[in-house]
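One letter stands for each residue in the lines below.
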Amino acid sequence: MLASDLPDTATLLGLIDARHPASATIVVPSSPIPSERRLSQLRLREGIDEVARQLAESDLAEDDRQAVLAPLRGLLEDDEFWQSQSRSIVVFAAPGRLEAFRLPSRLEARAAVGDRFDAGPLLRAVAFPRRAFIVRLSREGARLSEIGPDQGLTERPIDLPDDLWAALEHTTTDGQRDMPRPQGTTGDRIEREKFSRIAPSCASSRPTCP
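The structure reproduced in this document is the subject of the present report.

Cut-offs applied
- Residues numbered from 1 in each chain as written.
- Predicted model: local features only at pLDDT ≥ 70, side-chain atom pairs only at ≥ 80, totals over all residues.
- Heavy atoms only, no water.
- Helix = DSSP H or I, 4+ residues; strand = E, 2+ residues; numbered from the N terminus.
- Buried < 20%, exposed > 50% of the residue type's maximum accessible area, 1.4 Å probe, protein only.
- Contact = heavy atoms within 4.5 Å.
- Salt bridge = Lys/Arg side-chain N within 4 Å of Asp/Glu carboxyl O.
- Core = buried A, V, L, I, M, F, W, Y, C linked by side-chain atoms within 4.5 Å.
- Phe/Tyr/Trp six-rings, centres within 6.5 Å; stacked < 30°, edge-to-face > 60°.
- Polar contact = N/O pair within 3.5 Å; in protein donor to acceptor, adjacent residues only side chain to side chain.
- Pairing = 2+ DSSP bridges.
- Expected span 1.5 Å × (residues − 1).
- Arc of directions from axis to C-beta.

1. Section: the overall build of the chain
Scanning the chain for helices and strands turns up six helices and seven strands. In the chain, the succession of helices and strands from N to C terminus is α-β-α-α-α-β-β-β-α-β-β-β-α. Counting the 210 residues in the chain, one finds 36% classified as buried. Partitioning the intrachain contacts of the chain with sequence separation of at least 6 by distance along the chain shows that 59% fall at a separation of at least 24.

As structure tokens, this is what we get:
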């Protein structure tokens, strides 16, 4: 399973609202493959070097520059952080603050210093989690599966109503002669289509089913 550090709402809003003239954002591609860990560290080092260059060209105080660079360089030596990786790393650093996130989406490398963080990569990761749900229908019922960037195909419970099949029964119409169901190439297509509409609604997050 890929490592994932998606922020909660409070953390994300805090990053968006944060303001400091020495706010650095670094984005680098990474890899969950252990043998490629060194390459990921080198990419982050290159991002830190770029931040150092931009800080050196600014009129910021030396203390503020070092307050940004010291924790960034410390992250390179954090064995626990590098123990498991995903497909990208996003790091935010400012005096007194360091936030690092491992994301399952593949991002292009970049580094920037400004008066605020570039939280765009986190916003996209939260808004588009890159997950899909699959509903498989058969005569025996329905099965729900989930697939995402940090997991393979996983079965999820699906609660079908006890009277689901009653919804597909032929009923009378107040003494009037029932309309015969189409036969031949059409067969029970109407019932199958009705079942295909009902089952996915039960797989959703709605509290009730038709």
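Let's pick the thread back up.
2. A short note on the environment of Asp17
Residue position: Asp17 is located in helix H1 (residues 9-17). On a C-alpha basis, the gap between Asp17 and Phe117 in space is 8.6 Å, while along the polypeptide they are 100 residues apart.

3. What about the pattern of salt bridges?
Counted under the stated rule, the structure contains six salt bridges. Across the pair Glu57 and Arg53 runs a salt bridge whose closest N-O atoms are separated by 2.9 Å. A residue is classified by how much of its surface remains accessible, and Glu57, at 59% relative accessible area, is exposed. The exposure class assigned to Arg53 is partly exposed, which follows from its relative accessible area of 40%. For Glu99, the salt bridge identified is with Arg97, shortest N-O distance 3.7 Å. Under the relative-accessibility criterion, Glu99 is labelled partly exposed at 24%. Residue classification places Arg97 among the partly exposed residues on the basis of a relative accessible area of 28%. Each member of the salt-bridge network shares a partner with another, and the members are Glu50, Arg53 and Glu57.

4. A look at the nonpolar core
In terms of nonpolar packing, the biggest core is built from 21 residues, with Ile26, Leu44, Val51, Val68 and Leu72 touching the most fellow members. Looking at this core, the elements that each hand over two or more residues are strand E1 (23-29), helix H2 (37-56), helix H3 (62-76), helix H4 (79-82) and strand E2 (88-94). Discounting chain neighbours no more than four positions away, the residues touching Leu44 are Ile26, Val28, Leu75, Leu76, Trp82 and Val91.

5. Let's talk about the packing of aromatic side chains
For the structure shown, the criterion picks out three aromatic pairs. Aromatic side chains Phe81 and Trp82 sit 5.3 Å apart centroid to centroid with 85 degrees between the ring planes, which places their arrangement in the edge-to-face category. Exposure class is identical for Phe81 and Trp82. Each is buried. Each residue in the set Phe92, Phe101 and Phe117 is aromatic and connected to the rest through ring pairs, giving one cluster.

6. A word on the side chain of Gln54
Along the chain, the position of Gln54 falls in helix H2. In terms of polar contacts, Gln54 uses its side chain to reach the side chain of Glu50, at 2.9 Å. At a separation of 3.1 Å, a polar atom in the side chain of Gln54 contacts the main-chain carbonyl oxygen of Ala111. Residues contacting Gln54, with those up to four places away along its chain left out, are Ala111, Ala112 and Val113.

7. Things to note about the pairing of strand E3 (residues 97-103)
Relative to E3, E2 runs antiparallel, the two being bridged by seven bridges. If you follow Ala94 over to E3, its bridge partner there is Arg97. In this structure, the hairpin formed by E2 and E3 is closed by a connection of two residues, where Gly96 is found at a positive phi of approximately 85 degrees.

8. Focus: H3
In an α-helix there are 3.6 residues to a turn, and that puts residues three or four apart on one side. Between the first and last C-alpha of H3 there are 22 Å, a value that for 15 residues agrees with the 21 Å anticipated at 1.5 Å per step. Those residues of H3 that sit buried are Arg65, Val68, Leu69, Leu72, Leu75 and Leu76. Burial along H3 is one-sided: seen end-on, the buried residues are contained in an arc of 115 degrees. Check the buried side of H3 and you find it contacts E1, H2, H4, E2 and E3.

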